[in-house]
Amino acid sequence: MATTKKLRNQLRVTYKAYQKSALEYTKAKGKLNRHIADQFRQMDKSNDGLLSINEFMAALVSYEKSLDSKTVQEFLDAFKKSDADHSESISLQEAIQLQYSFANVPMDGWEIPC
Ligand SMILES: [Ca+2]
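Residues numbered from 1 in each chain as written. Predicted model: local features only at pLDDT ≥ 70, side-chain atom pairs only at ≥ 80, totals over all residues.

Per the secondary structure count, the protein includes four helices and two strands. Taken against the 2.2 N^0.38 rule, which gives 13 Å for 114 residues, the C-alpha radius of gyration of the protein at 20 Å runs more than 25% over that of a compact globule. With the principal axes as the frame, the protein shows a C-alpha extent of 70 × 30 × 25 Å. Counting over 114 residues, the protein shows a buried share of 9%. Across the protein, contacts joining residues at least 24 apart in sequence account for 44% of those joining residues at least 6 apart. (Helix = DSSP H or I, 4+ residues; strand = E, 2+ residues; numbered from the N terminus. Rg over C-alpha atoms; globule rule 2.2 N^0.38 Å. Buried ≥ 20, exposed ≤ 12 C-beta atoms within 10 Å, placed from the backbone. Contact = placed C-beta atoms within 7 Å.)

This is how it looks when you write it as structure tokens:
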């Protein structure tokens, strides 16, 4: 019986830590999603909910002042990697998905950040 009580206590303590971590994980996802959504909306000059290659490059050129051919190629590669469905544009979901991929975190579910 002592073992059962000990294991039950261990389960309770671990569950509390799990709940705390789950809450922090949810908050971290929300912060990242909102940040990417804000950046995305600033880059989406046509307000169609998609980033064209022109919008993507224009935004990155404004961030990175010293552009050489290597940097431009890196931007083009980033665009291609972001455009998961090969539609020649990036959706907000694709933009967020890429960040989860870089963070090595699975993207479980999708909701539009507010
Ligand atoms: Ca657009």
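Time to look at the environment of Asp-44. Within the element layout of this structure, Asp-44 appears in the loop between α1 (2–43) and β1 (50–52). A C-alpha to C-alpha distance of 9.9 Å links Asp-44 and Ile-90, two positions 46 residues apart in sequence.

Our next topic: unusual backbone geometry. The residue Glu-88 is not glycine, and still its phi comes out positive at about 70°. Relative to the elements of secondary structure, Glu-88 occurs in the loop between α3 (69–82) and β2 (89–91). Glu-88 gets classed as exposed once you count the C-beta atoms within 10 Å, which come to 11. With a phi close to 60°, Asn-104 is a non-glycine residue in the positive phi region. When you line up the elements, Asn-104 lands in the segment after α4 (92–103).

Attention now moves to the nonpolar core. The biggest cluster of nonpolar side chains holds seven residues, and these are Phe-40, Leu-51, Phe-56, Ile-90, Leu-92, Ala-95 and Ile-96. At three residues, the largest contribution of residues to this core is made by α4. Excluding its chain neighbours within four sequence positions, the residues that come into contact with Ala-95 are Ile-36, Phe-40, Ser-82 and Ile-90. (Core = buried A, V, L, I, M, F, W, Y, C linked by C-beta atoms within 7 Å.)

Our focus in this paragraph is the packing of α1 against α4. Where α1 contacts α4, the two axes come as close as 10 Å, and the packing angle between them is 130°. In terms of orientation, α1 and α4 fall into the oblique class. For the element pair α1 and α4, the recorded crossing hand is right-handed. Together, Leu-32, Asn-33, Ile-36, Ala-37 and Phe-40 of α1 and Leu-92, Ala-95, Ile-96 and Gln-99 of α4 make up the contact between the two elements. (Axes fitted to C-alpha atoms, helices over the stretch in contact; angles between N-to-C directions. Parallel < 35°, antiparallel > 145°, perpendicular 65-115°, else oblique. Left-handed = near helix turned anticlockwise from the far one by under 90°.)

A few words on α1. The end-to-end C-alpha distance of α1 is 61 Å, a good match for the 62 Å that 42 residues give at a rise of 1.5 Å each. Judged by how many residues are buried, α1 sits mostly at the surface: two of 42 residues are covered. (Expected span 1.5 Å × (residues − 1).)

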